[in-house]
Amino acid sequence: MVKVRFAPSPTGFLHIGGARTALFNYVFAKHNRGKFVLRIEDTDKERSTKESEEEILDSLRWLGLDWDEGPRKSADDSMYYQTNRLDVYKKHADRLLAEGKAYRCFCSKEELDLLRREAEAQKRAFKYDGRCAAIPENEAKKRLAENTPYTVRIKVPRDGDTVIEDLVRGRVKTANSVLDDMIIVRADGMPVYNFVVVVDDADMEITHVIRGEDHLSNTSKQVHIYNALGFTPPKFAHIPLILGPDRSKLSKRHGETAVVKYRESGFLPEALVNYMALLGWSPDDEETVFSMEEMTEKFSIERVHKAGAMFDNQKLLWMNGVYIREKKSVKELAALCMPFFEAAGLKNPRSAEYFEKVVALQQEKLKTLAEFPGLSAYFFNEDAPLSEDAKKTWEKNAENRKQVIEVFVNIMKTRGASSAAQIEADIKADMESAGIKPKVYMHVIRVAVSGSTIGPGLFELVETLGAEICVKRAEKLISNG
RNA sequence: GUCCCCAUGGUCAAGUGGUUAUGACAUCGCCCUUUCAAGGCGGUAUCGGGGGUUCAAUUCCCCCUGGGGACGCCA
């Protein structure tokens, strides 16, 4: 059975790159009726936090990337945290040591830094020379007895090539001569990523490792760990990176890349998922708007693109608008808008139905949920002060505005604002007899009742606001000159 | 610097040994229209360069160039 995993380290937020990797893993697993495992790689004690773990889990849930195995999925989920498996890693490390496939390295950080700087000065690639492998056994024992700190390094063959058959990239060959004996256990006894990832993937029987291309050069190193441990490597698929506007790997310096930030900015998870799907993958038809279920059906690694993809906010914005417009339930959309409405400090003095009516009126205009309060404030506030554009419109119609308002107010007072159709009929009739053109009165009324030049259809706008508030705003405006 | 990966419009992608090189976003124009959107129609715009292979290369091979990634007791 296909089994894949997403293995974030809880040292920060779930960012777009990680989310996209999780998405590809998820749909690959679902497509193959396999399992999607979540594993927390917390071997970096310094930077791992519980808060960031919670946030990662939240982000994944929000995106709809629920995991089959992992944290919160069973009574005992300790095996999905690497810090709970230290004894397992130690056992394997000791075994490698005993078998002579690894050795203790007594070089201090300082010494290594020095070597690294020397290499840099000579413009060569730093490569650990394996000097500690040559330490005689009794000498090593002596240092051990003296409690000299040491790391454990794995022996990597000096000759030959390491070949990876990558599902996305094909055959990737690396000369072993460029590899060095890497550290698998730190001086404090904590194993390092390259080691634990191999042990865990093997233990969990992961069949396919789908991860970012930034791991490609690590992979040949990991292959040697698999070999030393006697494990069969899984299949690898290195997916292209997501790039910032400068075409370098998307990171914090490109601005907000955390999934939660997109949520807070009013994006819908289905829009974000759909957009991310298109970054490095395409369906075999020309569809661009599709659900996760459709993606699951169609997904295959063969159709993963090789080149990195720049993250295009404009397209995401467009896609988000598509999903907002597709919402069939106004109630649902209203509930989604509400947090943004409240965050903007607005209050709804009327009924829930009124709120929903406004949402329905704005639905087609929204690119993000966060735009809702800005576009809709005049529906909820007592006053509707004129925007700059509205002032211009008001001034431009200085000649006719007084008359327009009189006619309009008269209609409101005598016949009310019961329905958009009725309002339209009344206004058209009366304005025509007053000899005022639609282009004139439409704009003047809109500005007077909403303070804005943009908004829903005028008659729906008036109907929704109601006669009372329209009259109040119009009279106040005209009395102010 | 060394190693690895990559290269189709501004962006994301499709594509084939012979095509008017396709779609989406963006952009421009027109239409619709009471505003803004949405929608409709149309336009501009792409195979990085050089060598091969071939009757024929955007497609296959090599080189160059360009971009990216990795070179941690981070993951």
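Described in the following lines is the structure provided in the data block. Bear in mind that the values here come from a model prediction, so they are computed numbers and not experimental data.

## A word on the nonpolar core
In this structure, Leu-23, Leu-63, Met-412 and Ile-445 are the most contacted members of the largest nonpolar core, which totals 105 residues. The element best represented in this core is helix 1 (residues 16-31), accounting for nine residues. If near-sequence neighbours (up to four positions away) are discounted, Ile-445 is found in contact with Val-404, Phe-408, Ile-427, Met-431, Leu-458 and Val-462. Core analysis: the second largest hydrophobic core is formed by 32 residues, Tyr-80, Met-204, Ala-228 and Leu-229 among them.

## Overview of the packing of aromatic side chains
Here the structure, examined in full by the defined rule, presents 15 aromatic pairs. Ring geometry for Tyr-275 against Phe-311: centres 5.1 Å apart, planes inclined by 90°, an arrangement best described as edge-to-face. Here Tyr-275 is found in helix 9 (residues 269-277), whereas its partner Phe-311 is found in the loop between strand 11 (309-310) and helix 11 (313-326), with 36 residues between them in sequence. The exposure class assigned to Tyr-275 is buried, which follows from its relative accessible area of 3%. By relative accessible area, which is 10% here, Phe-311 ends up buried.

## Digging into a negative patch on the surface
Among the surface-exposed residues, Glu-286, Glu-287, Glu-293, Glu-294 and Glu-297 lie close enough to one another that they form a single negatively charged patch. Following the sequence through the fold, Glu-286 ends up in the loop between helix 9 and helix 10 (292-298).

## Observations concerning the sheet that holds strand 7 (residues 183-185)
Taking strand neighbours across the sheet as the criterion, the three strands line up as 3-4-7 in an open arrangement whose pairing is antiparallel. Either end of the sheet is taken by a strand with one partner, and the two such strands are strand 3 (102-105) and strand 7. In this sheet, adjacent strand axes meet at a mean angle of 45° when their direction is disregarded. Bridge count between strand 4 (residues 151-154) and strand 7: two bridges; the pairing is antiparallel. The partner of Val-152 across the bridge, within strand 7, is Val-185.

## Comments concerning helix 9
Of all nine residues that make up helix 9, eight are buried, and the element is covered over most of its length. Of the residues making up helix 9, those classed as buried are Pro-269, Ala-271, Leu-272, Val-273, Asn-274, Tyr-275, Met-276 and Ala-277. Buried-residue contacts for helix 9 involve helix 1, helix 2 (50-63), helix 8 (259-264), helix 10, strand 11 and helix 11.

## A closer look at the pattern of salt bridges
Where side chains of opposite charge bring their charged atoms close, a pairing between them can arise. Inspection of every chain in the model, using the stated rule, returns 44 salt bridges. Its salt-bridge partner being Glu-99, residue Lys-101 comes within 3.2 Å of it at the nearest N-O pair. According to the relative accessible area criterion, Glu-99 is partly exposed, its value standing at 40%. A salt bridge links Glu-356 to Lys-331, with the nearest nitrogen and oxygen atoms 3.5 Å apart. Remark: Lys-331 occurs in helix 12 (residues 330-343) and Glu-356 occurs in helix 13 (residues 352-362); sequence separation between them is 25 residues. Taking relative accessible area as the criterion, Glu-356 reaches 19% and is therefore assigned buried. Via salt bridges that share partners, Arg-5, Arg-39, Glu-41, Arg-85, Asp-200, Asp-201 and Asp-203 belong to a single interconnected network.

Rules and cut-offs
Residues numbered from 1 in each chain as written. Chains lettered and ligands numbered in written order. Predicted model: local features only at pLDDT ≥ 70, side-chain atom pairs only at ≥ 80, totals over all residues. Heavy atoms only, no water. Core = buried A, V, L, I, M, F, W, Y, C linked by side-chain atoms within 4.5 Å. Buried < 20%, exposed > 50% of the residue type's maximum accessible area, 1.4 Å probe, protein only. Helix = DSSP H or I, 4+ residues; strand = E, 2+ residues; numbered from the N terminus. Contact = heavy atoms within 4.5 Å. Phe/Tyr/Trp six-rings, centres within 6.5 Å; stacked < 30°, edge-to-face > 60°. Patch = residues over 30% accessible without salt bridge, like charges linked within 9 Å, V, L, I, M, F, W, Y side chains within 5 Å. Areas by Shrake-Rupley, 256 points an atom, 1.4 Å probe, with all protein chains shown as cover. Salt bridge = Lys/Arg side-chain N within 4 Å of Asp/Glu carboxyl O. Lys, Arg positive; Asp, Glu negative; His and termini not counted. Charge placed at Lys NZ, Arg CZ, Asp CG, Glu CD. Pairing = 2+ DSSP bridges. Axes fitted to C-alpha atoms, helices over the stretch in contact; angles between N-to-C directions.

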